[in-house]
Structures are given as structure tokens and as C-alpha cells.
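Coordinate inspection notes
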Amino acid sequence: MDLEMAALAATAGTTLVSSLTTEVWQQARDGIASLWRRSQPERADAITAELDATRDELVAARDSSDAGTPSELGAEWQGRIRRLLVAHPEAADGLRTLLAELAPATPVTPSVTQHATASGYARVYQAGRDQNFNER
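Thresholds applied
- Residues numbered from 1 in each chain as written.
- Predicted model: local features only at pLDDT ≥ 70, side-chain atom pairs only at ≥ 80, totals over all residues.
- Heavy atoms only, no water.
- Helix = DSSP H or I, 4+ residues; strand = E, 2+ residues; numbered from the N terminus.
- Rg over C-alpha atoms; globule rule 2.2 N^0.38 Å.
- Buried < 20%, exposed > 50% of the residue type's maximum accessible area, 1.4 Å probe, protein only.
- Contact = heavy atoms within 4.5 Å.
- pLDDT = per-residue confidence, 0-100.
- Expected span 1.5 Å × (residues − 1).
- Salt bridge = Lys/Arg side-chain N within 4 Å of Asp/Glu carboxyl O.

With that settled, consider the overall build of the chain. A count of helices and strands for the chain gives five helices and zero strands. Relative to the compact-globule value of 14 Å for 136 residues, the chain shows a C-alpha radius of gyration of 18 Å, a clear excess of over 25%. By its C-alpha atoms, the chain is 60 × 40 × 25 Å across when sized along the principal axes. In the chain, which comprises 136 residues, the proportion classed as buried is 34%.

If you want it as C-alpha cells, here you go:
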């Protein structure tokens, strides 16, 4: 799987989980279920049930101020979506369309992705924020 598809799966997992506790949760649920219905119809009903269970977990986590559950569930859905895209790369266009539809209603969570390759004596310096160097 290329980096673009992996990034798409990561964005989809985060967006999906973020959407499930907003007013567009049903649209998110139906959109993801539709992707499965087109690609793996035998799993569509199970995916719908898993989305409902995920929403219930998210609501319970929100009510109990559990900050860890949303990121864990996002990672789970990222993996499911990534596996779907590996098996059915043609589903990527439908997923992008769904994400564009959900984007206005989804709270923006900043994300930083960095990739670097060094070889030989090369150095790579990466930071999500400030960097200070005192080399002599």
C-alpha cells in the first residue's frame, strides 16, 4: 500500500470517529456501510453493527471524560479501512467523496506527518515545532 492510501485510511479513521458523536453520525455510518456494501457486501451488516457499537462506546467515553477511547477507536477503524483499501483500491474514490461531505461538520484535529530518508552521511532534522542546534 502506498503512502497516499495509508494517509487516506488514517484520515478516514479519525474523521469517522469524530463524526460519530456529531449531528452527521448517521451520514458517516451510512457512508462507511455503503463502501463495504459495494466492496464486501457480505460484511456490510456487520460493519453497520460495529459502527453502532463504536458510537455507543464514544458516547459513553464522552460522558465519563475518557479521553483515550476516541483515539483507540480511530486506530481500529483506520486499520479496518486500510484493509478494505488494500483489498479494494477502487473504494478510495468513494471514501474521498464521503470525507469531503463530512469535512464541514467534523472538528478539525491538527495532524503532522513527516517522512524522511537519509543515506550515507546525510542528516535529517525533523520537528513538529521548534528545533535548536548548537553544533560546533
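Here isoleucine 81 is to be found in helix H4 (residues 68–87). Taking the relative accessible area as the measure of exposure, isoleucine 81 reaches 2% and is therefore buried. For the pair isoleucine 81 and alanine 6, spaced 75 residues apart in sequence, the C-alpha separation works out to 9.3 Å. When residues no more than four places from it in sequence are discounted, the contact partners of isoleucine 81 are Ala9, Ala12, Gly13, Ile32, Trp36 and Leu95.

Our focus in this paragraph is the confidence of the model for the chain. In regions of low pLDDT, the predicted coordinates are not meant to be interpreted in detail. Here the chain averages 87 in pLDDT, and 92% of its residues register 70 or above. Of all helices and strands in the chain, the one with the weakest mean pLDDT is helix H1 (residues 3–19) (90), whereas helix H3 (residues 44–63) scores best (94).

Its 20 residues place the ends of H4 29 Å apart at the C-alpha level, agreeing with the 28 Å of an ideal helix rising 1.5 Å per residue. Residues of H4 that are buried include every one of Thr69, Leu73, Gly74, Trp77, Gly79, Arg80, Ile81, Leu84 and Leu85, and no others. Turning to H4, the residues buried within the fold contact H1, helix H2 (25–39), H3 and helix H5 (91–102).

On to unusual backbone geometry. Phi is positive for serine 65, close to 60 degrees, though the residue is something other than glycine. Looking at the element boundaries, serine 65 is found in the loop between H3 and H4. Using a relative accessible area of 67% as the deciding quantity, one classes serine 65 as exposed.

Glancing now at the pattern of salt bridges. Following the criterion strictly, the structure yields seven salt bridges and no others. Linking arginine 29 and aspartate 52 is a salt bridge whose minimum nitrogen-to-oxygen distance equals 2.7 Å. Taken together, the positions of arginine 29 in helix H2 and aspartate 52 in helix H3 put the pair 23 residues apart, joining distant regions of the chain. Using a relative accessible area of 15% as the deciding quantity, one classes arginine 29 as buried.

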